[in-house]
Amino acid sequence: MNKDTYELDFFDYYADPVDYLKKCLYLRKIKTQGICIYKNKRIHLSPRLFDALFTMAEDTSKTHKLDTIIRENGAAEDNERQIAARINKAFREEGFTNIIKKKIRAGYCINLDIIQDDFIVTTTR
């Protein structure tokens, strides 16, 4: 008697893969262009904001520093608070809540209370 059973995968809960992507934060990096789609709506982000969000989405288990680009005079290009606020503003303009949150004395990360890690998709080409 064959006792092998099929364990349901996360994708099996959706009848169509398109249904899964309609609930995702989908980030795709193509050379210098970035595509950000959240819950089937295109979110327009500048390259700097997209790179920061992509970095956070690639590893959601830790917090990130967003102001790593330093100018010659020693001043940061944007401070972390501005970058996170501009990303959250882009999402609010499309009708969503703030997706980036700050952890005290640690950095910034994607708010996993709003979107689960299983619904974050990053791809490069």
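Structure's up top.
Values in this document were obtained by computation on a predicted structure and should not be read as measured data.

Student: What should I look at first to understand the pairing of strand E2 (residues 33-38) in this one?
Tutor: Across 6 bridges, strand E1 (residues 25-30) lies against E2 in antiparallel orientation. Bridged to Leu27 within E2 is Cys36. Count of turn residues in the E1/E2 antiparallel hairpin: 2 residues, of which Lys31 carries a positive phi of about 50 degrees. Across 2 bridges, E2 lies against strand E3 (residues 41-42) in antiparallel orientation. Among the inter-strand pairings, Ile37 is bridged to a residue of E3, identified as Arg42. The hairpin turn running from E2 into E3, its antiparallel successor, is 2 residues long, and Lys39 in that turn takes a positive phi close to 50 degrees.

Student: Sorry, what's going on with the nonpolar core here?
Tutor: Across soluble globular proteins, nonpolar side chains have a tendency to be buried as a group. Counting residues in hydrophobic clusters, the biggest one holds 31 residues, and the most contacted among them are Leu25, Leu53, Ile87, Phe91 and Ile110. Residue assignment for this core shows that the elements contributing at least two residues are E1, E2, helix H2 (47-58), helix H3 (80-93), strand E5 (107-110) and strand E6 (120-124). Ranked by residue count, the leading element in this core is H2, at 7 residues. Residues contacting Phe91, with those up to four places away along its chain left out, are Leu25, Cys36, Tyr38, Ile43, Leu53, Phe96, Thr97 and Ile99.

Student: Looking at this structure, how should I read the side chain of Asn88?
Tutor: With respect to the helices, strands and loops of the structure, Asn88 is situated in helix H3. Exposure remark for Asn88: the relative accessible area of 7% places this residue in the buried category. Of the polar contacts made by the side chain of Asn88, one reaches the backbone nitrogen of Ile100; its length is 2.9 Å.

Student: Mind showing me how you'd approach the sheet that holds E2 here?
Tutor: Neighbouring strands of a sheet are bound in pairs by backbone hydrogen bonds; such pairs are parallel or else antiparallel. What the 4 strands build is an open sheet, ordered E3-E2-E1-E6; its pairing is mixed. The two strands at the open ends of the sheet, each matched to only one other strand, are E3 and E6. Looking at chain direction, E1 and E6 are connected through 5 bridges and run parallel. Paired with Arg28 across the two strands is Thr123, which belongs to E6.

Definitions and cut-offs
- For every chain, the first residue of the written sequence is number 1, and numbering continues from 1 onward in sequence order.
- In view of the model being predicted, local features appear only for residues whose pLDDT reaches at least 70, and side-chain atom pairs are presented and counted only at 80 or more, with totals across whole chains, interfaces and linings using the full set of residues.
- By convention in this description, side-chain values take in all heavy atoms of the structure and omit both hydrogens and water.
- Between any two strands, pairing holds if DSSP finds at least two bridges.
- Going along the chain from the N terminus, every DSSP run of H or I of four or more residues is numbered as a helix, and every run of E of two or more is numbered as a strand.
- Buried Ala, Val, Leu, Ile, Met, Phe, Trp, Tyr and Cys residues form a nonpolar core when they are joined through side-chain atoms within 4.5 Å.
- Only protein chains enter the calculation, and the probe is 1.4 Å; a residue is then buried if its accessible area is under 20% of its type maximum, exposed if over 50%, and partly exposed in between.
- Note on contacts: a residue pair is in contact if any heavy atoms of the two residues lie within 4.5 Å.
- A 3.5 Å cut-off defines polar contacts: any pair of N or O atoms within that distance qualifies, except that in protein one atom must be a possible hydrogen donor and the other a possible acceptor, and neighbouring residues in sequence count only when both atoms are side-chain atoms.

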